Structures are given as structure tokens and as C-alpha cells.
Amino acid sequence: MTAQAPSKKARKATRPAKTHLTSIEATAPADVASIEAAELADLIRWSPEFVVKHGLLPYTSARVLKEKCYKRLVFHHNDGGRITFSPMSIRREHERTLVAPLAA
């Protein structure tokens, strides 16, 4: 085999691939704090009593809310056999029960 001579053509300049993710080093400190807060918010779990007390779902008693969860009528998490709610499950329940206005 013979070795090929290197090409004398100029190589095309390449750009870094576009990505929708940004590196943590490139973001501002305030943005890093908001990213960490959002990640921690997904880990929050609320009890049915807390959800009823703060009016996050339209139920008036924790017992009714638990019975709906037992029947799998409400989005919830069954963490270790206990019914809990995360911000994501509250959002999904609101989307499920959303009623569009008639005038729309």
C-alpha cells in the first residue's frame, strides 16, 4: 500500500452542534438557583390533608380525596403505601378536570 498525500483543500469550518440544553457554567447565578428550585419542587410530596387545607384540589375533606385515590379517580402517588401528591400530579388533575367555557 502506498500512503496518500494529505489534501491541500481547506477544511470547512465546523460549528458546535445546537442543543436545547444549556450548561450550568454558561447560565447566570440567578438562573442556577431557579433551576435548583425547580428540581427540588418536583421532589415535594404533599399529604391529602395538606392538599385539602390549602385548597389545591376541589375537595372539602381528606377522606373523600383518599377514597377517590383508592378508586384511581384522581392522579396521585402511592409512595410506600401512602397517598401523596406532587406538583406534577396536581397539575395533571387540574388538566383532567378542566372545563372549557361555552363561549369559546
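Anyway, here's the lowdown on the structure attached to this text. Note that the coordinates shown come from a computational prediction; the quantities given were computed from them, not determined experimentally.

1. Some words on the overall build of the protein
Here's step 1: Helix and strand counts for the protein stand at four helices and two strands.
Here's step 2: Here the protein holds 104 residues, and 19% of them are scored as buried.
Here's step 3: Partitioning the contacts of the protein with sequence separation of at least 6, the portion at a separation of at least 24 is 37%.
Here's step 4: In the structure as shown, the protein presents an accessible area of about 9,200 Å², 58% of it carried by carbon and sulfur atoms.

2. Observations regarding helix α4 (residues 87-96)
Note that an α-helix has 3.6 residues per turn; residues three or four places apart therefore point the same way.
Here's step 1: Listing the buried residues of α4 in full gives P87, S89, I90 and E93. On an axial view of α4, the arc spanned by its buried residues comes to 165 degrees, and they lie on one face.

3. Some details on the nonpolar core
Buried together is how nonpolar side chains tend to be arranged in soluble globular proteins.
Here's step 1: One finds V51, V52, L57, Y59, A62, L65, C69, V74, I83, F85 and I90 forming the largest nonpolar core, which totals 11 residues.
Here's step 2: Of all elements in the fold, only α2 (48-53) and α3 (62-70) reach the threshold of two or more residues within this core.
Here's step 3: The element that contributes the greatest number of residues to this core is α3, accounting for three residues.
Here's step 4: Residue contacts for V52: discarding those within four places in its chain leaves Y59, T60, S61, A62 and L65.

Reading guide: rules and limits
Residues numbered from 1 in each chain as written. Predicted model: local features only at pLDDT ≥ 70, side-chain atom pairs only at ≥ 80, totals over all residues. Heavy atoms only, no water. Helix = DSSP H or I, 4+ residues; strand = E, 2+ residues; numbered from the N terminus. Buried < 20%, exposed > 50% of the residue type's maximum accessible area, 1.4 Å probe, protein only. Contact = heavy atoms within 4.5 Å. Areas by Shrake-Rupley, 256 points an atom, 1.4 Å probe, with all protein chains shown as cover. Arc of directions from axis to C-beta. Core = buried A, V, L, I, M, F, W, Y, C linked by side-chain atoms within 4.5 Å.

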